[in-house]
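# Close look at the chain arrangement
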Amino acid sequence: MEIIWSLPEGQHMVPEKKGDLIYLVYPGWKDQKEYVHGFSTRLGGVSQGMYSSMNLSFTRGDEETAVQENFRRISEAIGFLKEDLVCSDQTHTTNVRRVGKQDRGKGITRPKNFTDVDGLITNEPGVVLATFYADCVPLFFIDPVHKAVGLSHSGWKGTVGKIGKVTVEAMEREFGTRPEELLAAVGPSICQKCYEVSEDVIRQFQEHFTEKQQEALYYRKENGKYQLDLWKANEFVFLEAGILPEHIQMPGICTCCNPDFLFSHRASKGKRGNLGAFLGIR
Ligand SMILES: [Zn+2]
């Protein structure tokens, strides 16, 4: 399978293989041995058809036993147990929830007791945060000084609401995090070339980003639609939150450009499974 990378080697995420299972990691985080992170691909699971094969959604019509096995496999590959996971409840909000050991297994082995949570933070070892994707933007945060992590789901609504900044502020409040010490990364998601949006979406970005920023975020086409860069927008959000440019990593891979390798809502017209982002403290 040919993978289309949008950044040169050394700057994009790197595939890690375990048998036929492949997941992606950040090359700049290889030395962060106290943390476990990864982003799943479609490869290495047991689901069939449009869910083939590493679908991590229980709510899109796939068989539950297959999804449980997929979670078991991806967890083992990246280096934790599925029982350690705490899952988000993504509804395009900017709500960020602090979780801990008492929440382990929620969304996998037992029901969640919360709703409308698009961002998760923790400072407890043994807890692995999980959020889910098929074009929307994953945001990863590691605070190596206070030993804390954050993981947030940033679609266009979350980006307009600047959930990245909300997550940093939650970590500051809860863990004493200083933004200039944070390591942050944008995860695999839809690129500007693939992401056409209508004027009502752009109007929201005009309200929440400066004119200078807008020049770098979108352009108008002859059909009256726009091409929007959610990666750049979230980079702006990171910078606004006080994260240093040299502490930011970009994915260098688009879900929609690689629909056989990654699930893409746009490329599949909604017939798809979910990818997972994972981040925890060992
Ligand atoms: Zn693309």
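These figures come from a predicted structure and were not determined experimentally. Each residue is numbered by its place in its chain's sequence as written, counting from 1. Given that this is a predicted model, residues contribute local features only at a pLDDT of at least 70 and side-chain atom pairs are listed and counted only at 80 or more, while totals for whole chains, interfaces and linings are drawn from all residues. Only hydrogens and water are set aside when side-chain values are computed; all heavy atoms of the structure are taken into account.

### Structural notes on the pairing of strand β2 (residues 21-25)
Exposure classes here rest on a 1.4 Å probe applied to the protein chains alone. A residue is buried below 20% of its type maximum, exposed above 50%, and partly exposed in between. A helix here means a DSSP run of H or I that spans at least four residues, while a strand means a run of E at least two residues long, and both kinds are numbered starting from the N terminus. The buried fraction of β2 amounts to five of the five residues, a majority that puts the element mostly inside the structure. The alternating pattern of β2 places Leu21, Tyr23 and Val25 and Ile22 and Leu24 on opposite faces, both of which are buried. Judged from the five bridges that link them, strand β1 (residues 14-18) and β2 form a sheet pairing that is antiparallel. Its bridge partner lying in β2, lysine 18 is registered against leucine 21. Any two strands with at least two DSSP-identified bridges between them are counted as paired. Between β1 and β2, which pair antiparallel and follow one another directly, the connecting turn spans two residues, one of which, glycine 19, has a positive phi of 65 degrees. Both β2 and strand β3 (residues 35-40) contribute to a ladder of two bridges, which runs antiparallel. Residue pairing for β3: leucine 24 is matched across the bridge by phenylalanine 39.

### Here we look at the confidence of the model for the protein
On average, the protein scores 98 in pLDDT, and the residues at 70 or more come to 100%. β1 is the least confidently modelled element of the protein, averaging 97 in pLDDT, while strand β6 (residues 119-122) averages 99, the highest of any element. Confidence scores per residue from the predictor, reported as pLDDT, run from 0 to 100.

### Some remarks on unusual backbone geometry
Negative phi characterises most residues that are not glycine, and trans characterises most peptide bonds. Across the junction of serine 52 and serine 53, the peptide omega takes the value -15 degrees, indicating a cis bond. Here serine 53 lies in the loop between β3 and α1 (64-78). The residue lysine 147 is not glycine, and still its phi comes out positive at about 50 degrees. Checked against the element boundaries, lysine 147 lands in the loop between β8 (137-143) and β9 (148-154). Look at lysine 269: it is not a glycine, yet its phi comes out positive at around 55 degrees. With respect to the helices, strands and loops of the structure, lysine 269 is situated in the loop between α7 (265-268) and β15 (275-281).

### A short note on the side chain of threonine 177
Note that threonine 177 resides in the loop between α3 (163-175) and β10 (183-186). Threonine 177 sits in the buried class, given a relative accessible area of 3%. Every residue pair with non-hydrogen atoms within 4.5 Å of one another is taken to be in contact. Apart from the residues lying within four places of it in its own chain, the contact partners of threonine 177 are Asp143, His146, Met171, Glu172 and Leu182.

### Structural notes on the side chain of glutamine 227
Relative to the elements of secondary structure, glutamine 227 occurs in strand β13 (residues 226-228). The definition of a polar contact used here is a pair of N or O atoms within 3.5 Å, where within protein one atom must be able to donate a hydrogen and the other to accept one, and adjacent residues in sequence count solely through side-chain atom pairs. Among the polar contacts made by the side chain of glutamine 227, one reaches the main-chain carbonyl oxygen of glutamine 192 at a distance of 2.7 Å. Only 3.1 Å separates the side chain of glutamine 227 from the backbone oxygen of lysine 193, close enough to count as a polar contact. Once you skip the residues sitting within four places of it in the chain, glutamine 227 turns out to touch Gln192, Lys193, Cys194, Tyr195, Glu196, Leu217, Tyr218, Tyr219 and Lys221.

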